[in-house]
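Report on the structure
Now for the letters of each chain:
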Amino acid sequence: MRLLRSTDLALRVLMRLAVTGGSSPTTREVAADMDVPYTHLAKVVAELQHMGLLDARRGRGGGLSLTEKGRTASVGALVRAFEGEGDVVECEGATPCPLNSACRLRGALRRAQEAFYASLDPLTVNDMVAAPTGPLLLEIGRAS
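What you are looking at is a predicted structure, and each value in this text was computed from that prediction instead of being measured.

For the structure on display, the rule yields six salt bridges. The partner of D33 in a salt bridge is R16, with the nearest N and O atoms 2.9 Å apart. Placement of D33 in helix α2 (residues 27–34) and of R16 in helix α1 (residues 5–18) is noted, with a sequence separation of 17 residues between them. For R110, the salt bridge is made with E114, and the minimal N-O distance between the two is 3.5 Å. Of this pair, R110 and E114 both sit in helix α6 (residues 105–120), four residues apart, roughly one helical turn. We classify R110 as partly exposed; its relative accessible area is 26%. Where salt bridges share partners, they join R80, R110, E114 and D121 into one cluster.

Size it by volume and the largest pocket reaches roughly 310 Å³. If you go around the largest pocket, you meet 16 residues; those closest to its centre are T27, Y38, A56, R57 and R58. Listed by contribution, the elements that provide at least two residues to the lining of the largest pocket are α2, α3 (38–50), β1 (54–57) and β2 (63–66). Broken down by element, the residue count for the lining of the largest pocket peaks at five residues, all from α3.

Contact pair α1 / helix α5 (residues 75–83): the axes reach a minimum separation of 9 Å and the direction vectors enclose 145 degrees. Viewed along their axes, α1 and α5 form a crossing whose handedness is right-handed. Contacts between α1 and α5 involve S6, T7, A10, L11 and L14 from the first element and V75, L78, V79, F82 and E83 from the second. Grouping the constituent residues of the contact of α1 with α5 by class yields seven nonpolar, two polar and one charged.

With respect to the secondary-structure elements, L41 resides in helix α3. Along the sequence, L41 and R28 sit 13 residues apart, while their C-alpha atoms lie 8.5 Å from each other. Non-local contacts of L41, meaning those with residues more than four positions away in its chain, are made with L9, V13, T27, V30, A31 and V36.

The rules behind each value
- Residues numbered from 1 in each chain as written.
- Predicted model: local features only at pLDDT ≥ 70, side-chain atom pairs only at ≥ 80, totals over all residues.
- Heavy atoms only, no water.
- Salt bridge = Lys/Arg side-chain N within 4 Å of Asp/Glu carboxyl O.
- Helix = DSSP H or I, 4+ residues; strand = E, 2+ residues; numbered from the N terminus.
- Buried < 20%, exposed > 50% of the residue type's maximum accessible area, 1.4 Å probe, protein only.
- 1 Å grid on protein atoms, 1.4 Å probe; cavity = no way out; pocket = protein on both sides within 12 Å on 5 of 7 lines; lining within 4 Å.
- Points joined across faces, edges and corners; volume = space filled by probe spheres on them.
- Axes fitted to C-alpha atoms, helices over the stretch in contact; angles between N-to-C directions.
- Left-handed = near helix turned anticlockwise from the far one by under 90°.
- Contact = heavy atoms within 4.5 Å.
- Nonpolar A, V, L, I, M, F, W, Y, C, P; charged D, E, K, R; others polar.

As far as function goes, none of this settles anything; it's purely spatial.
What follows is the structure, given as structure tokens:
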């Protein structure tokens with residue numbers, strides 16, 4: 001299974017903000033630190049704000065900050081939210097699979113997908129920034 005780019009960015013933004021301490025970096029600063037396009041990151045930040053996981057303030061003294069909900073958010077729930085609830089393969093699209101009525105693969109893939117999410121469910125954003133990850137994230141921000 002491969003994550004969408006937006007899912008990857010969402011997780012990395014939340015992890016980055018979890019270690020910023022009292023500072024509130026701007027979306028542009030985070031995009032530069034992560035070496036990703038600002039416009040792409042801005043869309044992800046807007047979705048995370050809509051989900052209540054971060055606060056984004058404009059203007060002087062503004063910036064991004066992680067909410068308590070963002071700190072304790074389940075990584076599995078975040079991945080589900082960004083990836084959607086669809087199947088790993090499309091069996092009923094424009095040209096439905098002829099095996100659809102008797103296929104065992106679809107069920108096996110669904111179980112594998114759920115096992116993947118279940119393994120991420122107990123992990124929180126805070127868990128993801130425990131040492132050695134958190135200190136390394138701080139160093140990346142300083143190197144820019």
